[in-house]
Amino acid sequence: MSDRTAQGSARRGSAAWALVITSVAGFMAALDNLVVTTALPSIRKDLGGALDDLEWTVSAYTLTFAVLLMFGAALGDRFGRRRLFMAGLAVFTGASAAAAMAPGIGSLIAARAVQGVGAAVMMPLTLTLLTAAVPAAKRGTMYGIWGAVNGLAVASGPLIGGSLTEHVSWHWIFWLNVPLGLVTLPLARLRLAESHGAGAALDVPGTLLASGGLFGIVYGLVRGPADGWTDAVVLTALSLGAALLAGFVHHGIHNKNPMLPMRLFRSRAFSGINAASLLMFVGMFGSIFLLSQYMQGVLGYSPTEAGLRMLPWTGMPMLVAPVAGILSDRVGGRPVVAAGLLLQAVGLGYMAVVATADASYVAQLPALIISGVGMALYFAPAANLVMSSVRPQEQGIASGANNALREVGGALGIAVMSSIFSAQGGYESAQSFVDGLRPALLTGSAVVALAAVAALVIPARRNTARLAAGDGRTPASGPAAAAEAPAMETPATASRTTTPQTTALESTAR
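Note that residues are indexed from 1 along each chain, following the sequence as it is written. Since the coordinates come from a predicted model, pLDDT governs what is reported: local features require at least 70, and pairs of side-chain atoms require 80 or more to be given and counted, while whole-chain, interface and lining totals use all residues. Hydrogens and water are ignored here; the side-chain numbers use all heavy atoms of the structure.

### So, the overall build of the protein
Stage number 1. Strands here mean DSSP runs of E at least two residues long; helices mean DSSP runs of H or I at least four residues long; both are numbered from the N terminus. The secondary structure content of the protein amounts to 21 helices and zero strands.
Stage number 2. Burial status follows relative accessibility: with a 1.4 Å probe on protein chains alone, a residue under 20% of its type maximum counts as buried, one over 50% as exposed, and anything between as partly exposed. Sorting the 510 residues of the protein into buried and exposed places 59% on the buried side.
Stage number 3. By the convention used here, residues are in contact when the closest approach between their heavy atoms is within 4.5 Å. Expressed as a percentage of contacts within the protein between residues at least 6 apart in sequence, the contacts between residues at least 24 apart total 82%.
Stage number 4. For accessible areas, the Shrake-Rupley method is used with a probe of radius 1.4 Å. Any residue's cover is judged against the shown protein chains and nothing else. For the protein, the accessible area works out to roughly 18600 Å², and carbon and sulfur atoms hold 67% of it.

### A word on the side chain of Asp-77
Stage number 1. As for its position among the elements, Asp-77 is in helix α4 (residues 51-79).
Stage number 2. As used in this structure description, the phrase polar contact means that two N or O atoms lie within 3.5 Å; if the pair is within protein, one of them must be able to donate a hydrogen and the other to accept it, and residues adjacent in sequence are counted only when both atoms belong to side chains. One polar contact links Asp-77 to Arg-81, side chain to side chain, over a distance of 2.9 Å.

### Brief notes about the confidence of the model for the protein
Stage number 1. Chain-level statistics for the protein give a pLDDT mean of 78 and a share of 84% at 70 or above.
Stage number 2. Averaged over each element, pLDDT in the protein is lowest for helix α21 (residues 479-484) (32) and highest for helix α5 (residues 81-100) (94).
Stage number 3. Confidence over residues 1-13 falls short of pLDDT 50; this stretch has 21 contacts with residues more than four positions distant or in other chains.
Stage number 4. The low-confidence segment residues 463-510, where pLDDT is below 50, has 92 contacts with residues more than four positions distant or belonging to other chains. Confidence of the predictor at the level of single residues is captured by pLDDT, which takes values from 0 to 100.

### Thoughts on the packing of α5 against helix α6 (residues 105-133)
Stage number 1. Where helices are involved, their axes are fitted lines through C-alpha atoms of the stretch in contact, as for all axes, and angles between N-to-C directions lie from 0 to 180°. With their axes 7 Å apart at the nearest point, α5 and α6 run at an angle of 155 degrees to one another. By the angle between their directions, the pair α5 and α6 is classed as roughly antiparallel. Our pair here, α5 against α6, has a crossing hand that is left-handed. Facing Arg-81, Arg-82, Leu-84, Phe-85, Gly-88, Leu-89, Val-91, Phe-92, Ala-95, Ser-96, Ala-98 and Ala-99 of α5, the residues of α6 in contact are Leu-108, Ala-111, Val-114, Gln-115, Gly-118, Ala-119, Val-121, Met-122, Leu-125, Thr-126, Thr-128 and Leu-129.
Stage number 2. For the contact of α5 with α6, the residue count by class is 16 nonpolar, six polar and two charged. Each angle receives one of four descriptions, namely roughly parallel if under 35 degrees, roughly antiparallel if over 145, roughly perpendicular if within 65 to 115, and oblique otherwise. Whether a crossing is left-handed or right-handed is set by the direction in which the near helix is turned from the far one by less than a right angle, anticlockwise for left-handed and clockwise for right-handed. Residues are sorted three ways: Asp, Glu, Lys and Arg are charged, Ala, Val, Leu, Ile, Met, Phe, Trp, Tyr, Cys and Pro are nonpolar, and all the rest, Gly among them, are polar.

### Quick look at α6
Because each turn of an α-helix spans 3.6 residues, side chains separated by three or four positions end up pointing in the same direction.
Stage number 1. Each residue after the first adds 1.5 Å to the expected span of a helix. With 29 residues, α6 should cover 42 Å at 1.5 Å per step; its first-to-last C-alpha distance of 42 Å lies within 8% of that length.
Stage number 2. The axis of α6 is deflected most strongly, by about 30 degrees, at Thr-126.
Stage number 3. With 22 of its 29 residues buried, α6 lies for the most part within the structure. Two axes are fitted around each residue, one to the seven residues ending there and one to the seven starting there, and the angle between them is reported as the bend at that residue.

### Considering the side chain of Gln-364
Stage number 1. Relative to the helices and strands, Gln-364 resides in helix α17 (residues 361-388).
Stage number 2. Here Gln-364 falls in the buried class, since its relative accessible area comes to 0%.
Stage number 3. Of the polar contacts made by the side chain of Gln-364, one reaches the backbone oxygen of Ser-360; its length is 3.3 Å.
Stage number 4. Ignoring anything within four residues of it in the chain, the contact list for Gln-364 reads Tyr-294, Met-295, Leu-299, Met-351, Val-354 and Ala-359.

### A word on the packing of aromatic side chains
Stage number 1. Any Phe, Tyr or Trp ring, taking Trp's six-membered ring, that has another such ring centre within 6.5 Å forms a pair; planes under 30 degrees apart are called stacked, those over 60 apart edge-to-face, and the others tilted. Scanning all chains against the criterion turns up five aromatic pairs.
Stage number 2. Taken together, the ring pairs in this structure connect Tyr-294, Phe-421 and Phe-433 into an aromatic cluster.

### Focus on the nonpolar core
Stage number 1. Residue types Ala, Val, Leu, Ile, Met, Phe, Trp, Tyr and Cys, when buried and joined through side-chain atoms within 4.5 Å, form a set referred to as a nonpolar core. Counting residues in hydrophobic clusters, the biggest one holds 111 residues, and the most contacted among them are Phe-85, Leu-260, Met-284, Tyr-294, Trp-313 and Leu-341.
Stage number 2. One finds Val-35, Val-36, Leu-40 and Ile-43 within the second-largest nonpolar core, a separate group that totals 24 residues.

### Comments concerning a nonpolar patch on the surface
Stage number 1. The patches described consist of residues with a relative accessible area above 30% and no salt bridge, like charges being joined within 9 Å and nonpolar side chains (Val, Leu, Ile, Met, Phe, Trp, Tyr) within 5 Å. Think of a salt bridge as a Lys or Arg side-chain nitrogen and an Asp or Glu carboxyl oxygen that are within 4 Å of each other. A surface patch of nonpolar side chains, amounting to about 370 Å² of accessible area, comprises Phe-79, Leu-202, Val-204 and Leu-208.
Stage number 2. Assignment of secondary structure puts Phe-79 in helix α4.
Stage number 3. With a relative accessible area of 41%, Phe-79 lands in the partly exposed category.

### Some words on the pattern of salt bridges
Stage number 1. Applying the stated criterion across every chain, the model contains three salt bridges.
Stage number 2. Among the salt bridges present, the one from Asp-77 reaches Arg-81, with a minimum N-O distance of 2.9 Å. With respect to burial, Asp-77 and Arg-81 carry one shared label: buried.
Stage number 3. Here Arg-83 makes a salt bridge to Glu-194, at a shortest N to O gap of 4.0 Å. Of this pair, Arg-83 sits in helix α5 while Glu-194 is found in the loop between α9 (177-191) and α10 (204-227), placing the two residues 111 residues apart along the sequence.
Stage number 4. For Glu-194, a relative accessible area of 14% corresponds to the buried category.

### As for helix α12 (residues 268-298)
Stage number 1. Between its first and last C-alpha atoms α12 spans 43 Å; for 31 residues at 1.5 Å apiece the expected length is 45 Å, and the two agree.
Stage number 2. With 22 of its 31 residues buried, α12 lies for the most part within the structure.
Stage number 3. Put simply, Ser-267 is the residue that caps the front of α12, since its side-chain oxygen is 3.2 Å from the backbone nitrogen of Ala-269.
Stage number 4. Once α12 ends, the next one or two residues include Gly-300, with phi positive near 80 degrees.

### What to know about the environment of Arg-309
Stage number 1. As for its placement among the helices and strands, Arg-309 is situated in helix α13 (residues 303-309).
Stage number 2. Through-space distance from the C-alpha of Arg-309 to that of Leu-365 is 8.6 Å; in sequence the pair is 56 residues apart.
Stage number 3. Aside from chain neighbours lying at most four places away, what touches Arg-309 is Met-295, Tyr-301, Tyr-361 and Leu-368.

### Comments concerning the packing of α5 against α9
The axes of two packed helices give the description: the angle between them and the distance between them.
Stage number 1. In the contact formed by α5 and α9, the axes pass within 9 Å of each other and the chain directions differ by 165 degrees. Here α9 runs roughly antiparallel to α5, going by the angle between their axes. Relative to α9, α5 is oriented so that their crossing is left-handed. Contacts between α5 and α9 pair Arg-82, Phe-85, Met-86, Leu-89, Ala-90, Phe-92, Thr-93, Ser-96 and Ala-97 from the former with Asn-177, Val-178, Gly-181, Leu-182, Thr-184, Leu-185, Ala-188 and Arg-189 from the latter.
Stage number 2. Split by residue class, the contact of α5 with α9 holds ten nonpolar, five polar and two charged.

### Quick word on the environment of Ala-97
Stage number 1. Inspection of the secondary structure puts Ala-97 in helix α5.
Stage number 2. On the basis of relative accessibility, which here comes to 15%, the residue Ala-97 falls in the buried class.
Stage number 3. Each C-alpha atom, one on Ala-97 and one on Pro-179, is 10.0 Å from the other, the two residues being 82 residues apart in sequence.
Stage number 4. Apart from residues lying up to four places away in sequence, Ala-97 is in contact with Trp-175 and Val-178.

### Topic: the environment of Ile-253
Stage number 1. The residue Ile-253 is located in helix α11 (residues 232-254) in this model.
Stage number 2. Looking at Ile-253, the relative accessible area reads 53%, which means it is exposed.

Encoded structure:
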C-alpha cells in the first residue's frame, strides 16, 4: 500500500483511529514503568540474582526510556513520525517477548533496556500523531481520553503486575504487550497519516549532550539510595550529568538548529507546564512506590488486594480525565491543571496524616479519591498545554522533552522519597515503616503543591474565536505577545515557512 493510500485511509475516521492507536501504545509504554515492581520476589525466585540485579530490572527501562526520548522525537520529525512510531512499537513488542522468555536475570535486564529504547521512540510521537489527526476545537477532549489511559497505566502498574504474578505468572506482565503490539502495528500502518517536523538535519552533538546528561543524572538518582549519596560513582554521575546538561543548554542557545531550541523556554506556557510536569511526577511516582509497599508490607494485603484498594486513586483518571479535557476546552488548561495538582497535594498530605500501622481502608479512602481526581485533572490539560505551546513542526521535540522530564521526575521522586523514608524509618517493623512513610508523603505533597504554583505561571487562555474561524490571525498580537510564547498554527497557516523569529503564530489553548 502506498503512502498516499495509507494517508487516505487515515483520513477516514482519522481522529478516532489515531486516539485508539496512540492510547494503546502510550498505555504499553507507561505501564512498563512500574508493572514489574510487584513481581520482583517471583522473578528473583525463578531467575536468581542479587538485590542490585533486581533493581536494574526496573531502572534499565527507566534509564533508556528517559535518555533517548528527545532523540526518538527528533528521529520522527526527520524521517517520518508514523514510520518511526511503528519502528519503536515493533522494537518494544519484540523486547517484551524477549523479556518474557528471559532465561536469566542478565538477559531480562538487557531486554528491559531494549524495551526502553522502543518506548523512547514510540511514546513522544503518540501526541504528535494524535494532534495531526484531531481538529483544534476537539483536541482537549481527545487529549482527555489519551491522558486518562496513560494516567491509568502509570498508576495501575503495581495492580496489573501483582495480579498477573499472583494468579498467572510474572512472565505475563511482558507477554501482555505482545498481542497489543501485533494488533496495533498494522492499524498504525493503515490508519495513521504520515507527518514530518521542520526537516532540519539531526542534531548529533545536542543528542549526545542530552542523552549523556540525562543518563548521568538518572543513573546517580537510581543508585544514590543504595550506594549512598557520597559514593564516588554516584557523585561522578551526578556531576558529569549536570555538566553535560549545562552544555546542552549552551548548545541550545547558540547552535543554529538545536534539537531543543532554548528559545522555547521563553514561553511561559512551555516553561510552566514542563516545570509542573517534572514536580508532579516527583511526588506521584515516589508516593506510589512507597504506598504499594505500605499496603502489602504493613497492612497485609496481597498484591492484587492492594491494587484493588488503590483503584479510587488509580482508576479515577478513566472517569474524570475526559471531563477535564472538556473543561480545558472551555476555560483553558491552566486552572484545570493547577486545581488538579492542588488536589493531588491535598490527597498526599491527607494520606500522610491517616497512615498508621493498622489504618482502616475507610480512613484512607478520602485521600485516595482526592488524589485520583487531582491526577485526572492534571493529565489531559497538561498534554494540551504542551502541544499548544509550540509550533506544529516542533511538537515532536516538545513532547519528547516533556516526557523526558516526567521520567527524570519519576526517578528523582523514588530516589528522594526513598532516602527520606530510610532516614526516618525502615522495614524493621510496621511502625518503623510508617515512621518513614509519613515524612516522605509530606515531602511529596509539598513538591506537588510547588507544581501547582508552576502551573499558575502559564498564561491565561486567550480568545481563540478567530483561530477557530481559521482566519490565520493570532488572538493577541504585537511583539510582546509574540515574544512571550510561540504557539500552534492553524491548518490554514501551518504550511508557511517559519523561523525562530516568526511572530504571527496561532494559539489553540493558552
